[in-house]
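As a plain string of letters, each chain reads:
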Amino acid sequence: MNQSAAPVITVVGGGFAGTALVLQLRRQPALAQAEIHLIEPRAVPGPGLAYTARRPEYLLNVRPGALSLYPEQPQHFAAWLQQQPESAAGVPEFASRSAYGRYLHEELAQVLQPSASQLGVVWHATRAVAAPS
Ligand SMILES: Cc1cc2nc3c(=O)[nH]c(=O)nc-3n(C[C@H](O)[C@H](O)[C@H](O)COP(=O)(O)OP(=O)(O)OC[C@H]3O[C@@H](n4cnc5c(N)ncnc54)[C@H](O)[C@@H]3O)c2cc1C
């Protein structure tokens, strides 16, 4: 193995857990040169099964202050929610699952590789079928 080669990390599944993981991996200084791949077959990566919900009446069962993607910024989701159209009449005590899906997707989109020459997260819109042993 070439010891100087940058690590290659593949995350299978781009729902909540995969999104939170790649966001944290991308922020690690020790992994600044790492190649990170995310495999997620859904048309929109980030929301996963639970937060791809379309109907606004499907609500989260956790308050906004406990749903930030960033532990050091616990109000990050609450602040994002405050800026959304559905908060025009006041921030809901329990946001919709679809709003949380938008939050996950928007945060993930910021680290998806903008071009082949820039280090980001490479999204593969396909299903993983096997892992090398
Ligand atoms: C209807 C519903 C409502 C929920 N509401 C809440 C709530 O209000 N609050 C709460 O805390 N939790 C809720 N949950 C629990 C929720 O599922 C978890 O909080 C969290 O979303 C789980 O994240 P995950 O990444 O494990 O799974 P998911 O977000 O489902 O992500 C898994 C991803 O893997 C992808 N995938 C599957 N197979 C492959 C493959 N072979 N290759 C590549 N990708 C693949 C899928 O497309 C999917 O996007 C809810 C769950 C459901 C089902």
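These numbers were taken from a predicted model, which means no experiment stands behind them.

## A closer look at helix H1 (residues 16–26)
What H1 keeps buried is the set Gly18, Thr19, Ala20, Val22, Leu23, Leu25 and Arg26. Lining the buried residues of H1 we find strand S1 (8–12), strand S2 (35–39), helix H4 (97–109) and strand S3 (121–124).

## Examining the UniProt feature "transmembrane region" (unreviewed entry) in the protein
Within this numbering scheme, the UniProt entry marks residues 6–23 as carrying the feature "transmembrane region" (unreviewed entry). Counting secondary structure, residues 6–23 comes out at 44% helix and 28% strand; the distance between its end C-alpha atoms is 18 Å.

## Things to note about the side chain of Ser98
Of note, Ser98 is situated in helix H4. Not counting the four nearest positions on each side in its chain, Ser98 is found in contact with Tyr51, Ala53 and Arg54.

## Some points on the sheet that holds S1
Strand pairing in a sheet relies on backbone hydrogen bonds. The paired strands run either parallel or antiparallel. Reading across from one edge, S1-S2-S3 is the order of the 3 strands in this open sheet, with parallel pairing throughout. Looking at the sheet topology across the chains shown, the edges are occupied by S1 and S3. Within this sheet the neighbouring strands show an average axis-to-axis angle of 20°, counted without direction. Pairing analysis gives 5 bridges linking S1 to S2, with the strands arranged parallel. Considered in S2, the bridge of Val11 is made with Leu38.

## Structural notes on the layout of surface pockets
By volume, the largest pocket is sized at about 180 Å³. Contributing to the lining of the largest pocket are Arg42, Ala43, Val44, Pro47, Tyr51, Thr52, Ala53, Arg54, Ser98, Gly101, Arg102 and His105. The greatest single-element share of the lining of the largest pocket, amounting to 4 residues, is contributed by H4. Partitioned by chemical class, the residues of the lining of the largest pocket number 5 nonpolar, 4 polar and 3 charged.

## A few points about the environment of Gln75
As for its placement among the helices and strands, Gln75 is situated in the loop between helix H2 (48–51) and helix H3 (76–82). Taking the C-alpha atoms as reference points, Gln75 and Pro64, separated by 11 residues in sequence, lie 7.6 Å from one another.

## Side note on the side chain of Ser87
Looking at the element boundaries, Ser87 is found in the loop between H3 and H4. A relative accessible area of 8% means that Ser87 is categorised as buried. What Ser87 contacts, discounting residues up to four positions off in sequence, is Leu81, Gln82 and Pro92.

## Topic: the pattern of salt bridges
For side chains bearing opposite charge, pairing can occur when the charged atoms are close. Inspection of the entire model under this criterion finds 5 salt bridges. As a salt-bridge pair, Arg27 and Glu72 come within 2.6 Å of each other at their nearest N and O atoms. Of this pair, Arg27 sits in the loop between H1 and S2 while Glu72 is found in the loop between H2 and H3, placing the two residues 45 residues apart along the sequence. Looking at Arg27, the relative accessible area reads 38%, which means it is partly exposed. Residue classification places Glu72 among the partly exposed positions, given a relative accessible area of 49%.

Cut-offs applied
- Residues numbered from 1 in each chain as written.
- Predicted model: local features only at pLDDT ≥ 70, side-chain atom pairs only at ≥ 80, totals over all residues.
- Heavy atoms only, no water.
- Buried < 20%, exposed > 50% of the residue type's maximum accessible area, 1.4 Å probe, protein only.
- Helix = DSSP H or I, 4+ residues; strand = E, 2+ residues; numbered from the N terminus.
- Contact = heavy atoms within 4.5 Å.
- UniProt positions renumbered as here; feature names shortened; annotations may be inferred.
- Pairing = 2+ DSSP bridges.
- Axes fitted to C-alpha atoms, helices over the stretch in contact; angles between N-to-C directions.
- 1 Å grid on protein atoms, 1.4 Å probe; cavity = no way out; pocket = protein on both sides within 12 Å on 5 of 7 lines; lining within 4 Å.
- Points joined across faces, edges and corners; volume = space filled by probe spheres on them.
- Nonpolar A, V, L, I, M, F, W, Y, C, P; charged D, E, K, R; others polar.
- Salt bridge = Lys/Arg side-chain N within 4 Å of Asp/Glu carboxyl O.

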